[in-house]
Amino acid sequence: MNNLNDLKVWNKAVELSVQIYSLTTHFPEIEKFGLINQMRRASVSIASNIAEGAGRNSKKEFKQFLAISHGSSYELLTQLEISFKLKFCSEDEFLHLKNKIIEIQKMNFALQQKLITKD
């Protein structure tokens, strides 16, 4: 079992989720059950799956949940892109969050590779 506070990728994913919640508060009300809901769920899924995997009993299970988290990060990246194209966020907000997502993706992938080499 891993200590979540020691996992930098989890900390960054939690912070990303907070930023996504903040960003989506400014989206049109009509998107409440569309992009707002999807983006919030995807961002929470990134951190939650890292946490669930860290709490599992094997490296194999941890890697599986990291892979799910990685998939959620691609969902969020797509939703962010759509939000930007719909002009729901500024270019600065878009680029800032896109870079955070890419950073988390790289960290997640590196952690998966580290777990593979430790088998």
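Being a predicted model, the structure only gives us computed values, none of them experimental. (Residues numbered from 1 in each chain as written. Predicted model: local features only at pLDDT ≥ 70, side-chain atom pairs only at ≥ 80, totals over all residues. Heavy atoms only, no water.)

Trainee: Help me out: how do you make sense of helix H1 (residues 8–24) in this one?
Mentor: Think of an α-helix as turning once every 3.6 residues; residues three or four places apart then point the same way. Helix length check: H1 (17 residues) gives 24 Å between terminal C-alpha atoms against 24 Å at 1.5 Å per residue, within 8%. Buried residues of H1: Val 9, Trp 10, Ala 13, Leu 16, Ser 17, Gln 19, Ile 20, Leu 23 and Thr 24, and no others. For H1, the secondary structure elements touched by its buried residues are helix H2 (35–54), helix H3 (59–85) and helix H4 (91–117). (Helix = DSSP H or I, 4+ residues; strand = E, 2+ residues; numbered from the N terminus. Expected span 1.5 Å × (residues − 1). Buried < 20%, exposed > 50% of the residue type's maximum accessible area, 1.4 Å probe, protein only. Contact = heavy atoms within 4.5 Å.)

Trainee: Sorry if this is basic, but what is going on with the pattern of salt bridges here?
Mentor: Pairs can form between side chains of opposite charge whenever their charged atoms are close. Enumeration over the complete set of coordinates arrives at four salt bridges. Among the salt bridges present, the one from Glu 103 reaches Lys 12, with a minimum N-O distance of 3.3 Å. In this pair, Glu 103 is assigned in helix H4 and Lys 12 in helix H1, connecting sequence segments 91 residues apart. For Glu 103, a relative accessible area of 32% corresponds to the partly exposed category. (Salt bridge = Lys/Arg side-chain N within 4 Å of Asp/Glu carboxyl O.)

Trainee: Can you help me understand the side chain of Gln 79 in this one?
Mentor: Within the secondary structure, Gln 79 is located in helix H3. Among the residues examined, Gln 79 registers a relative accessible area of 8% and is labelled buried. The residues contacting Gln 79, other than those within four sequence positions of it, are Leu 35, Gln 38, Met 39 and Ala 42.

Trainee: In this structure, what is going on with the packing of aromatic side chains? I would like to understand it.
Mentor: Aromatic ring pairs are reported here in terms of the distance separating the ring centres and the angle at which the planes meet. As enumerated under the stated definition, the model contains two aromatic pairs in all. Between Phe 84 and Phe 94 the ring centres are 4.5 Å apart and the planes differ by 10°, which places this aromatic pair in the stacked class. Here Phe 84 is found in helix H3, whereas its partner Phe 94 is found in helix H4, with 10 residues between them in sequence. Judged by its relative accessible area of 26%, Phe 84 is partly exposed. Classification of Phe 94 as buried rests on a relative accessible area of 5%. (Phe/Tyr/Trp six-rings, centres within 6.5 Å; stacked < 30°, edge-to-face > 60°.)

Trainee: Can you help me understand the nonpolar core in this one?
Mentor: Nonpolar side chains in soluble globular proteins generally cluster together in the buried interior. Core analysis: the biggest nonpolar cluster contains 29 residues, and Leu 16, Met 39, Ile 50, Leu 76 and Leu 80 have the highest contact counts within it. Elements with a minimum of two residues in this core: H1, H2, H3 and H4. When residues in this core are grouped by element, the largest group, eight residues, is from H2. (Core = buried A, V, L, I, M, F, W, Y, C linked by side-chain atoms within 4.5 Å.)

Trainee: What exactly am I supposed to notice about the environment of Ser 72 here?
Mentor: Structurally, the position occupied by Ser 72 is in helix H3. The exposure class of Ser 72 is buried, given its relative accessible area of 4%. Each C-alpha atom of the pair Ser 72 and Ser 43 lies 7.2 Å from the other, and the pair is 29 residues apart in sequence. Contact partners of Ser 72, with chain neighbours within four places excluded, come to Ala 42, Ser 45 and Ile 46. Among the polar contacts listed, one links the side chain of Ser 72 to the side chain of Ser 45, at a separation of 2.8 Å. (Polar contact = N/O pair within 3.5 Å; in protein donor to acceptor, adjacent residues only side chain to side chain.)

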